[in-house]
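Spelled out from the first residue to the last, the chains are:
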Amino acid sequence: VGTAGAMTRALRLLAITTSAIASGAEAVLIDRLAAARARGWQVRSLRPDGTAVATLIENAGVAGDHIDVLGLPDQRTPAALAATAQRYHRASKAIRSAASTADVVLVNNLLALPALRLARIDAPTCWFVHDVVVKHRYRLVARAGAGAFDHALAVSRPAALFPESLGLPTTVIWNGARWPVEPARPSSGPPVVGINGLLTPWKGQRVLLEAAGGLRSDVVIELMGGSPPRDDSYGRKLEQVAAASGMGDRVRFLGHVADPLERMRSWTLAVSASTDPEAGPLSVLEAMSLGRPVVATDHGGARALLHDLGTLVPPGDGEALVGAINALLDDRERRNALGCRSRARVEERYQLDQSIETMLDTLEALALPDEATQ
């Protein structure tokens, strides 16, 4: 596979994730770790023990050691700041030890970047960029750690802008959808509008629910995705907003779904309502692969993917969101046309296997440039 046949030994990859939440960024990482193992690489991980992320990585056959969950303190008290500093210090020691035998180190989380700088490792380091970094506090964190990195791999052109602004050599390798997949078939039931994403405020489910009274009277809304522990109150608030919308049991909270694609096949259209820009939204790519049209907020990776394929609305504008949904529901011909074009775009540009192979080739060239070019 790729250039692996020219190598004299297996590349040793260390992947670091410091998140406890199994979000899209972790799913993207795990797909690539599994493919790296299939290529014959020696793959190890640093991940927080006892978390959903650790379980998924282990299920992919990747051995690992513990690293603390890293994040900014909720309060800027001396005690909170000291505890955060201790976590970063422990993390840097874990990284230094694990990286001593690695050919390349891949870091999956922006909040882990300062720990890499503290670790002062010799192996080539790569930041896997899953975010459009716009918030000031996250820009500060990235600036604090970016000097420790040799390269960035961004999942979209919007995600690449910030690491490029720091002077970091950056390669854009778009996220991809599994291909081929059978297209979704027309449904004879009521129209279903779905959002696939964690129940967390910036995903924008509340924007849709608060405006849901303006939807056609036959519409069903499905929210697919679990609620991270820190956002339990947001999930409960969504249920209250749904009850107040007057839609009754036409708002369905699905929670985590083992086979999201199969559930999305029953949708009439998909929505990405994120209030902050997403980098390379998997939910949009998956809907496109099924031939389902998408209504999305007009920023980040959704704009780049859907500029000529979907309907874009201003972030946080529930009235515009509902208006766009109703317009698509009333126009079957346009829905079908957008769905066909979306599937063709995924086949042409956004296949998961192609994305993974390109990324592994890039890491290989970074880690072992002499061997990778033989």
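In the block above lies the structure referred to throughout.
What counts and how
Residues numbered from 1 in each chain as written. Predicted model: local features only at pLDDT ≥ 70, side-chain atom pairs only at ≥ 80, totals over all residues. Heavy atoms only, no water. Helix = DSSP H or I, 4+ residues; strand = E, 2+ residues; numbered from the N terminus. Polar contact = N/O pair within 3.5 Å; in protein donor to acceptor, adjacent residues only side chain to side chain. Contact = heavy atoms within 4.5 Å. Pairing = 2+ DSSP bridges. Axes fitted to C-alpha atoms, helices over the stretch in contact; angles between N-to-C directions. Buried < 20%, exposed > 50% of the residue type's maximum accessible area, 1.4 Å probe, protein only. Right-handed = clockwise from strand over helix to strand, strands pointing away. Core = buried A, V, L, I, M, F, W, Y, C linked by side-chain atoms within 4.5 Å.

Draft legend 1. Just the side chain of Arg265, in detail. By secondary structure assignment, the location of Arg265 is in the loop between helix H9 (260-264) and strand E11 (269-272). Polar side-chain contacts of Arg265 include one of 3.2 Å to the side chain of Glu262. When neighbours within four sequence positions are excluded, Arg265 is seen to be in contact with Val181, Glu182, Pro183, Ala184, Arg185, Leu290 and Arg292.

Draft legend 2. Fine view of the sheet that holds strand E5 (residues 125-129). Read across the open sheet, the 7 strands follow the order E3-E2-E1-E4-E5-E6-E7; overall the sheet is parallel. The outermost strands of the open sheet, each flanked by one partner alone, are strand E3 (63-66) and strand E7 (170-172). Each adjacent strand pair in this sheet contributes to an overall mean axis angle of 25°, direction not counted. Sheet topology places strand E1 (residues 12-16) next to strand E2 (residues 42-47); 5 bridges connect them, and they run parallel. From the neighbouring strand, Arg12 faces E2, where its bridge partner is Gln42. Contacting E1, E2, strand E4 (104-107) and E5, helix H1 (residues 24-38) crosses the sheet at an angle of about 165° to E1. Sheet contacts for helix H3 (residues 78-98): E1, E2 and E3; angle to E2, the most-contacted strand, approximately 170°.

Draft legend 3. Structural detail: the pairing of E4. Burial of the side chains of E4 extends over both faces: Val104 and Leu106 are buried on one face and Val105 and Val107 on the other. As judged from the 4 bridges shared by E1 and E4, these two strands associate in the parallel manner. By the bridge assignment, Leu14 is partnered in E4 with Val105. In terms of strand pairing, E4 meets E5 through 3 bridges, oriented parallel. Across the sheet, Leu106 pairs through a bridge with Cys126, a residue of E5. Since E4 and E5 lie parallel, the crossover through helix H4 (residues 113-119) that links them has a hand, and here it is right-handed.

Draft legend 4. Quick look at the sheet that holds strand E8 (residues 192-196). Sheet architecture is open: 6 strands sit in the order E10-E9-E8-E11-E12-E13, paired in parallel fashion. Looking at which strands have only one partner, the edges of the open sheet turn out to be strand E10 (251-255) and strand E13 (311-313). Between one strand axis and the next, the sheet turns through 20° on average, direction left out of account. As judged from the 3 bridges shared by E11 and strand E12 (residues 294-297), these two strands associate in the parallel manner. Its bridge partner lying in E12, Ala270 is registered against Val294.

Draft legend 5. A look at the nonpolar core. Formed by 64 residues in total, the largest nonpolar core has its most connected members in Leu13, Ile16, Ile95, Val105 and Trp127. Other than its neighbours up to four places away in sequence, Ile16 contacts Leu46, Ile67, Ile95, Val105, Leu106, Val107, Asn108, Asn109 and Leu116.

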